[in-house]
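Chain by chain, the residues:
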Number of protein chains: 4
Amino acid sequence: MPITPDQQAEIAAARATPRPTLRAVSEGMEARLYTAHPVLDHGFVRVIDYMGDDAAICQAARVSYGRGTKSVQNDEGLIRYLMRHWHSTPFEMCEVKLHIKLPVFVARQWIRHRTANVNEYSARYSILDREFYIPAPEQLAAQSVVNNQGRGEALEAEEAARVLDWLKGDAARAYDHYEAMISQEGQQGLARELARMNLPANIYTQWYWKVDLHNLFHFLRLRADAHAQYEIRVYAEEICKIVADWVPAAYAAFEDYRMGGVTLSAKAVDCVRRMLKGEVVTQETSGMSKGEWREFEGFLG
Amino acid sequence: MPITPDQQAEIAAARATPRPTLRAVSEGMEARLYTAHPVLDHGFVRVIDYMGDDAAICQAARVSYGRGTKSVQNDEGLIRYLMRHWHSTPFEMCEVKLHIKLPVFVARQWIRHRTANVNEYSARYSILDREFYIPAPEQLAAQSVVNNQGRGEALEAEEAARVLDWLKGDAARAYDHYEAMISQEGQQGLARELARMNLPANIYTQWYWKVDLHNLFHFLRLRADAHAQYEIRVYAEEICKIVADWVPAAYAAFEDYRMGGVTLSAKAVDCVRRMLKGEVVTQETSGMSKGEWREFEGFLG
Amino acid sequence: MPITPDQQAEIAAARATPRPTLRAVSEGMEARLYTAHPVLDHGFVRVIDYMGDDAAICQAARVSYGRGTKSVQNDEGLIRYLMRHWHSTPFEMCEVKLHIKLPVFVARQWIRHRTANVNEYSARYSILDREFYIPAPEQLAAQSVVNNQGRGEALEAEEAARVLDWLKGDAARAYDHYEAMISQEGQQGLARELARMNLPANIYTQWYWKVDLHNLFHFLRLRADAHAQYEIRVYAEEICKIVADWVPAAYAAFEDYRMGGVTLSAKAVDCVRRMLKGEVVTQETSGMSKGEWREFEGFLG
Amino acid sequence: MPITPDQQAEIAAARATPRPTLRAVSEGMEARLYTAHPVLDHGFVRVIDYMGDDAAICQAARVSYGRGTKSVQNDEGLIRYLMRHWHSTPFEMCEVKLHIKLPVFVARQWIRHRTANVNEYSARYSILDREFYIPAPEQLAAQSVVNNQGRGEALEAEEAARVLDWLKGDAARAYDHYEAMISQEGQQGLARELARMNLPANIYTQWYWKVDLHNLFHFLRLRADAHAQYEIRVYAEEICKIVADWVPAAYAAFEDYRMGGVTLSAKAVDCVRRMLKGEVVTQETSGMSKGEWREFEGFLG
């Protein structure tokens, strides 16, 4: 369980004391604030703060004075137009700050998205908790045979059990030794910045992550995608639900144009046009490689 | 006058309707929201939105659950420690969105600070207003004779009058022709994206500018500095006052360690130590160039 | 003419003295180095330096030791794969530094691409040359009647002549007064940082612009696009030719997947599938707005 | 040993084949290219490519045509001026690409420097080598008693031996199980993207890291500092030597103004001035906190 009763009490206290503000307010996001949304076995996503709403996107696009909108329909249309034409700067005018608890190997992928602000729990300064990500048995997948970078079918029960034993046993032993190394009882105690090197990549860390909506959409497009590793995808999917509550019109446009959208190459555009004229196009006559053609067939449905 | 009565009414309306929020609230910033603070003859700075306060900086530094502070004094001490040791990421956890109206030549300097989000009024899409920065007579300074990149004394009255005549006359004529070129009465009307090229660099533009507190401090250190051009410095100074109301502890640390701080080279450190031991150090014995020594004398006071 | 004989001699000298290097060399780029490629009436693009080639992209993708490639065909296939799947980091491993001379209003659009390094000629420190962009008559287009942000037909001869007279006259007068204001003959001379404000946006400036290949492709996709303003598009087109010589395989993939590519929304994908099954889809049955449908018809060709 | 004979042969081959170029060449850097400079027990730093030299910094600062320099002394003076006055953009005009092999816990600190391009060896796609950082006994330091984030004295021999046993034993066991989990002999074999989570933070990874000189200096100032963790500091120190060969004038200015420089707060400046006038200043009369005063005493020497 990721949240202790003390922490739960702090969250409840933070949620109990509304204050007046003159800023743009998103009711959907207010309902989310501070609550820990569980992800994986010990992780979570919590909204700590946000700036802006759907109307703020339109206001920036118009660089106008007031709230800048005549009707909700107009705002939706403008937001769809901005998304379709890659006008990204108005989406940068919204910002969100999340508190995230996640395994280190997930954090290592996540941090590659550079246009964000991060404060991570410091294992030089502090002692990490004894919490490790242990996959649910159905997530113990074999190496994909068609994709070097992916998963295939779930492991057979016996192999899965063996894997779980190793993961649990090695994590426990590594943490026991971590504790023993830093202990100052009857010895000097190894520096924390050194002792942490014994800990495996499935240990949990946590950070504050602050990002603007445009760059968040970019992150979500890549990490909520079916090809992303499951363990980061579940975080992205949880954040998608939060964003849908925060900026419903922007999220709907994102779903239509980005998550559900497809980018075709010039060759693929040509093939679609020929097919719509009745021509039967094959990989051989398409000008595409086998890999591209396979993906094109996926697009054709 | 930068603000029309209609705009003033919109601002009053926006300030009249507080709504409840669970987010961190800065009372000093709430008092500022939406109001246009005048700068130069037609410019202004307006706070559109903000995220975070002094406590949010400390909270991020501690990556803790609650508001993360025992007492205000503790927070102030932590903020001073973070500033002194260049721990910049907690300051990135605060964000501000400003609406700024400014001359184009100031905007061209400003935009060089890349770590910010910007939506500028588009002169491809819209028609610029007839508003030009005309310096006050006491700002009409001669080229500095000691500094290639700076100002010297104010111009004599007659020369100043000549300059003002040219600035006003050329701006008026350029704008008359701009209007005449885009007019669609009795002619096709030149595309706005072309007609704008006739307008001088003292015409006003406006933008939404969103930036985190760390990068804002970096901007302010360079642009509120005595060596910055006067026309951008007055914007920086106005923003300094806003930031002092928003995050008083962070701003006080910024003033002490950055604005009032001095960076000494290894050579200068050596000289100070020798001088404190009673040695008389001159430029010749300092190891510094003449330029460096002049700046070092400035440090000595 | 953008290049003086002295400058031409310097370029020839720089091109006359090859030196040995162990770094990756692109023959196509060596042939380009230093030469000024003219753009518009006084502008140019010059390659000052570059890092990497097609093989360097593959090498980074493989994080391998040697040149990392078995055959050219393999490298081309890998580069196409990386481009198709938005694996952008290997393209960031190539870098180019350009010297560009361009009108100020083009520079103002250009600088919005923030992920680049820039050193611009300083009008605080130095005196700008008397060079203004005056459009060729066929570029004097009317405001578009269908697109708020674009051009329509060329102006009639008489109107075009009137526009050219104003552009030329105002530029000449503004520059005359600029010179007169900064002159130190018989007067103090206005500071250059102030006098520059009288100059219109079609005056030429110049800068060094350094960018990695991934971000350059992003710039080119937006600015070599048919919807970009003509005056920046011609720079982008010139740079496209340079990049095609520098990294031919990467540029070919960029042309196929980005410049010639099309992004379809989820709704558009659905329509294509229905049409391929023989259904007649109209705007009314598509779920798209009129604007989206018009763009979709463009895709259908 | 970080480099296999095969790899050594590849490096030798790459160094054996100079090619002519018209670009700026740094002789000091040519001598470094491709060679692996060992760091820690299995790590290294290798220069893969570079762009620019000291003259290129000056050329960008002058945005001039030719090599832009009359004499070496002038260039050195200009570079010192640029560094002293925080004119950072000319330093951004140089770029370097390094191949680095480093423990994962070092990589996790390193990646926090966001303004760089990175391609890391992928443990989703590939299998990591059995190489772990095991500190030399003299590096096994106790937790600092004065600094929560630092090291104190070396551990006593018996305690050090116990720590080494744990580090070696746990790493070996974790890797044995990693291999056993991904093995496809007699079982399906766990996906590599999952199996990697069992590996501790002292396993080695590698990446290509490309950065401009300004941001590299920022990295070096923080990571070659005495307060940085030893395991990242040794990488920074090795890179310092490389940079000193690459751009000697810029590196000398960096050493004087940044590495050896000291930033004083407004309060500290005031104290220095009072002390130079003969006043005896104590912590009580300084206005500084105890922590600041301790650091100020360090400055006084």
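No experiment lies behind these values; they were computed from the predicted model shown. Residue positions are given per chain, counted from 1 along the sequence in the order it is written. Lettering for chains starts from A, numbering for ligands starts from 1, and both go in the order in which the items are written. Per-residue local features of the predicted model are confined to residues with pLDDT of at least 70, and side-chain atom pairs are confined, for both listing and counting, to 80 or more; whole-chain, interface and lining totals are unaffected and use all residues.

Caption draft 1: Spotlight on the overall build of chain A. Broken down by element type, chain A carries 13 helices and nine strands. Based on the C-alpha atoms only, the size of chain A along its principal axes is roughly 80 × 60 × 30 Å. Residues are treated as contacting if the C-beta atoms built from their backbones sit within 7 Å of each other. Contacts in chain A between residues far apart in sequence, at least 24 positions, make up 68% of those at least 6 positions apart. Secondary structure elements follow DSSP: runs of H or I of four or more residues count as helices, runs of E of two or more count as strands, with numbering from the N terminus.

Caption draft 2: Region of interest: the interface of chain D and chain A. With 45 residues of chain D at the contact, the number on the chain A side is 44 residues. Mapped onto the side of chain D that touches chain A, the elements with two or more residues apiece are β6 (141–143), α6 (157–182) and α7 (192–195) of chain D. In terms of residue count, α6 of chain D provides more of the side of chain D that touches chain A than any other element does, ten residues in total.

Caption draft 3: Region of the structure containing the interface of chain D and chain C. The interface is formed by 38 residues belonging to chain D together with 38 residues belonging to chain C. Counting residues per element, the ones that place at least two in the side of chain D that touches chain C are α1 (5–15), β1 (19–21), β3 (43–51), α3 (54–62), β4 (95–103), β5 (117–120) and β8 (204–212) of chain D. Of all the elements, β8 of chain D adds the most residues to the side of chain D that touches chain C, at five residues. Charged residues are taken to be Asp, Glu, Lys and Arg, nonpolar residues to be Ala, Val, Leu, Ile, Met, Phe, Trp, Tyr, Cys and Pro, and polar residues to be all remaining types, Gly included. Of the residues belonging to the side of chain D that touches chain C, the class tally is 19 nonpolar, eight polar and eleven charged. Between any two strands, at least two bridges found by DSSP are needed for them to pair. Looking at chain direction, strand β1 (residues 19–21) of chain C and β1 of chain D are connected through three bridges and run antiparallel. Bridge pairing links P20 of chain C to P20 of chain D in β1 of chain D.

Caption draft 4: Representation of the sheet that holds β3 of chain D in the model. Residues and elements named next belong to chain D. Taking strand neighbours across the sheet as the criterion, the five strands line up as β2-β3-β4-β8-β5 in an open arrangement whose pairing is antiparallel. Across the chains shown, the open sheet's two edge strands, defined by having one partner strand only, are β2 (37–39) and β5. Neighbour-to-neighbour, the strand axes of the sheet open up by a mean angle of 25 degrees, direction not taken into account. Summarising the sheet, β3 and β4 pair through seven bridges and their orientation is antiparallel. Considered in β4, the bridge of Y50 is made with V96. Angles here are taken between N-to-C directions and fall from 0 to 180 degrees, while the axes themselves are lines fitted to C-alpha atoms, restricted in helices to the stretch in contact. In the packing of helix α9 (residues 230–246) onto the sheet, contacts are made with β2, β3 and β4, and the angle to β3 comes to roughly 35 degrees.

Caption draft 5: Up close: the sheet that holds strand β3 (residues 43–51) of chain C. Residue and element names in this part refer to chain C. Here we have five strands laid out as an open sheet, ordered β2-β3-β4-β8-β5, and antiparallel in their pairing. Each having just a single partner strand, β2 (36–39) and β5 (117–120) make up the two edges of the open sheet. Taken over all neighbouring pairs, the strand axes of this sheet differ in orientation by 20 degrees on average, direction set aside. As paired elements, β5 and strand β8 (residues 204–212) share four bridges and run antiparallel to each other. Each residue of the ladder has a partner; that of N117, found in β8, is K210.

Caption draft 6: Fine view of the relation of the copies chain D and chain A. In the superposition of chain D on chain A (RMSD 0.0 Å, axial shift 0.0 Å), the rotation amounts to 180 degrees. Viewed as a symmetry operation, the transformation between the two copies matches a two-fold axis. Among all residues of chain D, the one whose C-alpha sits closest to the rotation axis is P200 of chain D, at a distance of 1.9 Å. Comparing interface residues between copies, 98% of those in chain D also sit at the interface in chain A, which points to an isologous, same-surface contact. Alignment of the copies relies on least squares applied to C-alpha atoms, considering only residues that score at least 70 for pLDDT in both.

Caption draft 7: Quick look at the confidence of the model for chain A. Residue and element names in this part refer to chain A. Confidence scores per residue from the predictor, reported as pLDDT, run from 0 to 100. Of the residues in chain A, 96% have a pLDDT of 70 or more, and the chain-wide mean is 93. Overall, residues 65–69 carries pLDDT values under 50, and its contacts beyond four positions in sequence, including any with other chains, amount to 14 contacts. Model confidence for the complex is summarised by a pTM of 0.96, with the ipTM given as 0.94.

Caption draft 8: Fine view of the domain arrangement of chain A. Domain boundaries in chain A define domain 1 (5–133 + 202–259), domain 2 (136–200) and domain 3 (266–300). All the domain ranges listed were derived from an automatic or database domain assignment. Here the C-alpha centre of domain 3 of chain A lies 37 Å away from the C-alpha centre of domain 1 of chain A.

Caption draft 9: Geometry of the relation of the copies chain D and chain C. When chain D is brought onto chain C, the operation consists of a screw motion whose angular component is 180 degrees and whose axial shift is 0.0 Å, with 0.0 Å RMSD remaining. Both copies share a contact surface, since 100% of the interface residues of chain D are interface residues in chain C too.

Caption draft 10: Just α6 of chain D, in detail. Here α6 of chain D spans 38 Å end to end across 26 residues, near enough to the 38 Å set by a 1.5 Å rise per residue. Comment: burial labels come from other C-beta atoms within 10 Å of the residue's own C-beta, placed from the backbone, where a count of 20 or more is buried, 12 or fewer is exposed, and between is partly exposed. Of the positions making up α6 of chain D, those classed as buried are A160, V163, W166, L167, D170, A171, A174, H177, Y178 and M181 of chain D. Looking at the packing, one finds that the buried side of α6 of chain D touches α6 (157–182) of chain A together with α7 of chain D. Multiplying 1.5 Å by the helix residue count minus one yields the expected span of that helix.

Caption draft 11: The packing of helix α8 (residues 213–223) of chain B against helix α10 (residues 248–259) of chain B, seen in detail. Residue and element names in this part refer to chain B. Between α8 and α10, the shortest axis-to-axis distance is 11 Å and the interhelical angle comes to 45 degrees. Taken as axis vectors, α8 and α10 run oblique relative to one another. Viewed along their axes, α8 and α10 form a crossing whose handedness is right-handed. Mapping the contact onto sequence places L213, F217 and R221 in α8 and A250, F254, R258 and M259 in α10. Of the residues that constitute the contact of α8 with α10, the class distribution is five nonpolar, no polar and two charged. Working definition: roughly parallel below 35 degrees, roughly antiparallel above 145 degrees, roughly perpendicular at 65 to 115 degrees, and oblique for all remaining angles. A crossing counts as left-handed when the near helix is turned anticlockwise from the far one by less than a right angle, and as right-handed when that turn is clockwise.

Caption draft 12: Summary view of the pairing of β3 of chain D. The buried count for β3 of chain D comes to nine of nine residues, which makes it a mostly enclosed element. In this antiparallel pair of consecutive strands, β2 of chain D and β3 of chain D, the connection spans three residues, and L40 of chain D shows a positive phi of 55 degrees.

Caption draft 13: Seen up close, the environment of Y125 of chain B. The residue Y125 of chain B is located in the loop between β5 (117–120) and β6 (141–143) in this model. Residue Y125 of chain B is classed as exposed on the basis of its 12 C-beta neighbours within 10 Å. When the C-alpha positions of Y125 of chain B and E193 of chain B are compared, they lie 7.4 Å apart, and in sequence the two are 68 residues distant. In this structure Y125 of chain B touches N148 and Q149 of chain C, once residues within four positions along its chain are discounted.

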